[in-house]
Structures are given as C-alpha cells and as structure tokens.
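Coordinate inspection notes
Spelled out, the chains give:
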Amino acid sequence: MKYFIDESAIVEKGVKIGIGSKVWHFTHIMKGAQIGRNCTIGQNVFIADGAKIGNNVKIQNNVSVYSGVTLEDDVFCGPSMVFTNVKKPRSTYPVNKSYVKTLVKTGATIGANATIMCGVTIGRYAFVGAGSVVTKDVSEYALVYGNPAKLQGWACECGEKLEAVKKEKYFCKKCSKNYFIKQANVKG
C-alpha cells in the first residue's frame, strides 16, 4: 500500500496523495487537491479542490484547508486552526472561485485554534502561537501570538524560542544553533 486512507474518509477521484501519507477518520479531500509524501491528515479534516500540501505536513484534527491555500514541506497545523480564503464573504454575493491565496512556507507551525486571514504569507520556520489571529505576513523564524498576532520573539527551526546573545545574534539553548537576525531577514 502506497498510503493509508481510513475507511470512513472520503477521497474524491483525482486527488494526488504521496507515498507514506495517512488520511484519518471522517476526512474529506476534494478532487484536485494535492498531498505530498509522508503527510498525516487528522480526523475530520477538509481539503478543498486546489489546495496544495507539501511533504511531511501534519494537519491535526478539525482543520479545513481551502482553495488557494498552499502548505509547503514540513508545515504543522494545530488542532482546529482556521484558514480563510475570502476577505469579504457574503452569502448572497459569492466570489465564484476568486479566492485569495495564502502561503505557509517550509517548517512553519500554526498553533491550535489560530486563525489565518487569507492573503498572508507565513515565513519559513515561523511559529504562530495557539489562539492567534494572523492578519499580516509573518517573517521567517518569527514567533507571533495574540489578537492580532504580533512579533514576540524569534523561533529556532527546532521550535524553541531563541535567546538574544547580543544585537542581531540569537542562540537556541535546545539544539545549539546560532542565528543572525536583522530587520526580519534571518540567516541560520
């Protein structure tokens, strides 16, 4: 078996699923969705037509990934976090598939119950805290939380908050990586 799909899941014809991926209970994946290798798609997840999911992505329970959302490799989506794809939704004025694109770059983490407004880019290895509301782009390696989410520090690729060593230099106590951060430009 190339991948696992629970018998209660609905996976429409035309879905691309990579080797080693797992799709769990009561999930619905629409035709045209793309899922990479070694992904874990949790219980009660919805993935819309046109959603793109990279390799080694973890989507926890009760998450909807709508059309226009791209998750690059190694992204983590916490339980019940929310993506949007329309800026001004109205029931009587549908947008007819003119969805606003959202990009979550490699290694980023989105905590449980966070809301990601459409049109933003979440940078590589950024860390969005649980319950946050992201309304603007998030720089790579940024640690953001709150409503609206604001910069609260910097995150290591391993997920730990970085310690300031001196101006523009940061260190991870857990994995010993050093970082140079200058005006939202990060080099590991």
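You'll find the structure just up there.
Heads up: these notes are all about the structure in this document.

Basis of the calculations
Residues numbered from 1 in each chain as written. Predicted model: local features only at pLDDT ≥ 70, side-chain atom pairs only at ≥ 80, totals over all residues. Heavy atoms only, no water. Pairing = 2+ DSSP bridges. Helix = DSSP H or I, 4+ residues; strand = E, 2+ residues; numbered from the N terminus. Salt bridge = Lys/Arg side-chain N within 4 Å of Asp/Glu carboxyl O. Buried < 20%, exposed > 50% of the residue type's maximum accessible area, 1.4 Å probe, protein only.

Further remarks concern the pairing of strand β22 (residues 150–154). With 4 bridges joining them, strand β21 (residues 142–145) and β22 adopt antiparallel strand pairing. Counterpart to Ala142 in the pairing with β22 is Trp154. Taking the residues between adjacent antiparallel strands as the criterion, β21 and β22 are bridged by 4 residues, where Gly146 takes a positive phi near 115°.

Another aspect to go through is unusual backbone geometry. In the segment running from Asn147 into Pro148, the intervening peptide bond is cis, with an omega of -5°. Locating Pro148 in the fold gives a position in the loop between β21 and β22. Phi angles above zero are rare outside glycine, and Ser80 is one such case at about 60°. Here Ser80 lies in the loop between β13 (76–77) and β14 (82–83). Positive phi outside glycine occurs at Asn113, with the angle close to 65°. Structurally, Asn113 can be placed in the loop between β16 (109–110) and β17 (115–116).

Applying the stated criterion across every chain yields a total of 2 salt bridges. Two residues, Glu140 and Arg124, come together in a salt bridge whose shortest N-O distance is 3.3 Å. One end of the pair, Glu140, is in the loop between β20 (133–134) and β21; the other, Arg124, is in the loop between β18 (121–122) and β19 (127–128), with 16 residues separating them in the sequence. Residue class for Arg124 comes out partly exposed when judged on its relative accessible area of 32%. Glu157 is paired through a salt bridge with Lys177; the nearest N and O atoms lie 3.2 Å apart.

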